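Structural overview for review
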Amino acid sequence: MPPTPLITVGMTCYNAKNTILRALGSALAQDWPNIEVIIVDDCSSDESDAIVESAIAEEPKVRLIRHAVNSGPAAARNTLLTNAKGEFIVFYDDDDESYPERVRTQYETLRDYEETSGVSLVACYASGRRLYPNGYELPIRAIGSHPEVPKGEIVADYLLFNGR
């Protein structure tokens, strides 16, 4: 594995004209030196795609892919996976904002875990917090923040059903 593998930051976008530039700026501000950013616009009915297109005109690390028909977030993520060139993929939502060290920290955590455990297929779910317009804040715990590293069905339950 090269010392700085290409990491794809994959971002889905749907009617995000008010937040997409902040999310894109956060992705481009990552301190990982070798990234590509792919944004899949899922047939937005606002100006999201035009905003992105204008913002990335001079940015060779970013690609915009447009869906001709709204297909939902799962289809947009599948488009990301199909088009990603990175060895690792980091998913962003169109309203996400992350610390500049997010990609590096996640990569280093995965690499270290793979080296010490011998496991080569690992999912990393970052902790964070959701802020709602009414002031409510929802903390989100990282999947590996518990004393024991979850495996198998526990990971699937957490990622697909949020542990419910």
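Below you will find a few notes about this structure. These figures come from a predicted structure and were not determined experimentally.

Now for the pattern of salt bridges. Under the defined criterion, the tally for this structure stands at nine salt bridges. The salt bridge partner of Arg66 is Asp49, with a shortest N-O separation of 3.1 Å. Of this pair, Arg66 sits in strand β3 (residues 62-66) while Asp49 sits in helix α2 (residues 48-55), and the two are 17 residues apart along the sequence. The class for Arg66 is partly exposed, based on a relative accessible area of 39%. Arg111 is the partner of Asp112 in a salt bridge, and the nearest nitrogen-oxygen pair spans 3.1 Å.

Attention shifts here to the side chain of Asp46. Relative to the assigned elements, Asp46 resides in the loop between β2 (35-41) and α2. One buried charged residue, Asp46, remains without a salt bridge, the closest side chain of opposite sign being Lys17 at 5.6 Å. Here Ala16 takes part through its backbone nitrogen, which lies 3.3 Å from a polar atom of the side chain of Asp46. With sequence-adjacent residues up to four places away left out, Asp46 is seen in contact with Asn15, Ala16 and Lys17.

Most often, soluble globular proteins have nonpolar side chains that are buried together. Ranked by size, the top nonpolar core spans 22 residues in total, and within it Ile7, Val9, Met11, Val37 and Ile39 carry the most contacts. Of all the elements in the fold, those that place two or more residues in this core are β1 (7-13), α1 (20-28), β2, β4 (88-92) and α4 (102-117). The contact partners of Ile7, leaving out residues within four places of it in the chain, are Trp32, Asn34, Ile35, Glu36, Gly86, Phe88, Val90, Val103 and Tyr107. Grouped together as the second largest cluster of nonpolar side chains are six residues, Ile38, Ile65, Ala76 and Leu80 included.

Let's shift gears to the side chain of Ser44. Within the secondary structure layout, Ser44 lies in the loop between β2 and α2. Classification of Ser44 as buried rests on a relative accessible area of 13%. At a separation of 2.8 Å, a polar atom in the side chain of Ser44 contacts the main-chain amide nitrogen of Asn15. Within polar-contact distance, the side chain of Ser44 engages the side chain of Asp41 at 2.6 Å.

The rules we used
- Residues numbered from 1 in each chain as written.
- Predicted model: local features only at pLDDT ≥ 70, side-chain atom pairs only at ≥ 80, totals over all residues.
- Heavy atoms only, no water.
- Salt bridge = Lys/Arg side-chain N within 4 Å of Asp/Glu carboxyl O.
- Helix = DSSP H or I, 4+ residues; strand = E, 2+ residues; numbered from the N terminus.
- Buried < 20%, exposed > 50% of the residue type's maximum accessible area, 1.4 Å probe, protein only.
- Lys, Arg positive; Asp, Glu negative; His and termini not counted.
- Polar contact = N/O pair within 3.5 Å; in protein donor to acceptor, adjacent residues only side chain to side chain.
- Contact = heavy atoms within 4.5 Å.
- Core = buried A, V, L, I, M, F, W, Y, C linked by side-chain atoms within 4.5 Å.

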